Amino acid sequence: MRPLAGILPSVIWRRLIAVNDLEVITLPEYVTSASAHVRSRHGILMLNNRHRLIRDIQKNNPFPGLHGHQVWQSSFMIMDYLENNPIAANQDILDLGCGWGLLGIFCAKHFAARVTGIDADEHVFPYLHTHAEVNNVTLATDHRRFDQISEDQLLTSDMLVGGDICFWDEMVGALQNLIQRALMSGVQKIIIADPGRQTFRRLADYCARHYGGELLPWRLEGKQRHSGYLLIIQNPWFVTGSR
Ligand SMILES: C[S@@+](CC[C@H](N)C(=O)[O-])C[C@H]1O[C@@H](n2cnc3c(N)ncnc32)[C@H](O)[C@@H]1O
C-alpha cells in the first residue's frame, strides 16, 4: 500500500483556541505581547508560568526533572550576544539542553536557522512547541543526551548553542567529548553560556587549552539584569567551503 504521506498535500497544522462560544482564533492571534503573562524579549514572545497555555501543559504532563521547568537567563545572554554579533542566515543549529527552546526559537526567527532542540528530558518539548507556534516558527526536537548525539547530526550542523547546560560534574566530560566530536565533524562555532559555575569554568579552561575557546564576561542590562559568561569556540580547523 502507498504511504499516506506520499499522496496527501503537505499540511501546516495550526492550533485553534476558542475565545468564546462563537470565536475561534489561531495561537499567534491569541498570544500577543500585550496579552497577560506574556513578555517580549529579543523580539520573541515568552509565556510565564501563570499563562493558560503553560498551566495546561503543566496539568497534562510530568514536571521536567532536569531543571528544564523554566527559561534560564543564560539563553538570553546568548541572544544578546547574537544580536550584537549576528550569524549568517539559514544555518543548521543544535540547541543543546534546549529546555523551553527560546534560544533556538530566537535563531529560527532572526536568522532563519533550521534548529533542532535536543534535550535528555522529553517533558520539555510541549513547552518548546507551544513557544515555537506562538512565535510562528517550527523547530525539530530530539530526545537524547549529549553523549548520544551522533556524528551524522554533527556533520550536518553549522553551530551548537546551549544555555545553562554545564551544572553537574558528569556534564563536563560529556560536553568536552561532544565539543571535540563537533569540531572534528566541521561544526564552525559553539556558544555555551553560564552564570559562572565551577563545572562550566572547568569546561571553559579545557576548551581554551585545546581549541582556543574564549571566555567572555557578559552582562544583561535593564529590567532583567544578569551577568555571567559566554564560552565561544570558533573551530580552529574549519576552512570555508571545506564541507
Ligand atoms: C538549566 S536547564 C536550561 C534550559 C535552557 N537551555 C534554558 O536556557 O532555558 C538544563 C536543560 O538541560 C537538559 N539536560 C540535562 N542534562 C542533559 C544531558 N545530559 N543531555 C541533554 N540535555 C540535558 C535538561 O533537561 C534541561 O532542559
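Residues numbered from 1 in each chain as written. Predicted model: local features only at pLDDT ≥ 70, side-chain atom pairs only at ≥ 80, totals over all residues.

For the protein chain, the count of helices and strands is 9 helices and 11 strands. A globule of 243 residues ought to have a C-alpha radius of gyration of about 18 Å, and the protein chain, at 19 Å, matches this closely. A principal-axis box enclosing the C-alpha atoms of the protein chain has dimensions of 65 × 55 × 35 Å. Looking at the protein chain as a whole, 37% of its 243 residues are labelled buried. Taking the intrachain contacts of the protein chain between residues at least 6 apart in sequence as the baseline, contacts between residues at least 24 apart amount to 69%. (Helix = DSSP H or I, 4+ residues; strand = E, 2+ residues; numbered from the N terminus. Rg over C-alpha atoms; globule rule 2.2 N^0.38 Å. Buried ≥ 20, exposed ≤ 12 C-beta atoms within 10 Å, placed from the backbone. Contact = placed C-beta atoms within 7 Å.)

Attention now goes to the domain arrangement of the protein chain. Each domain of the protein chain was delimited in the assignment, giving domain 1 (16-60) and domain 2 (73-234). Here domain 1 and domain 2 have C-alpha centroids that lie 26 Å from each other. Taken residue by residue, the interface counts 12 residues in domain 1 and 16 residues in domain 2. Broken down by secondary-structure element, the contributors of at least two residues to the side of domain 1 that touches domain 2 are α2 (27-30), β4 (44-47) and α3 (52-60). With 4 residues, β4 is the single largest residue contributor to the side of domain 1 that touches domain 2. (Domains from an automatic or database assignment.)

Moving on to the site of the ligand. As a matter of local geometry, the ligand sits amid 21 residues, with Leu66, Gly68, Gly97, Gly99 and Gly163 nearest to it. Class assignment of the residues belonging to the shell around the ligand gives a composition of 10 nonpolar, 7 polar and 4 charged. (Near = placed C-beta within 6 Å. Nonpolar A, V, L, I, M, F, W, Y, C, P; charged D, E, K, R; others polar.)

This part covers the environment of phenylalanine 76. Its place among the elements puts phenylalanine 76 in helix α4 (residues 73-84). Exposure remark for phenylalanine 76: the 23 C-beta atoms within 10 Å place this residue in the buried category. Non-local contacts of phenylalanine 76, meaning those with residues more than four positions away in its chain, are made with Arg41, His42, Leu220 and Gln224.

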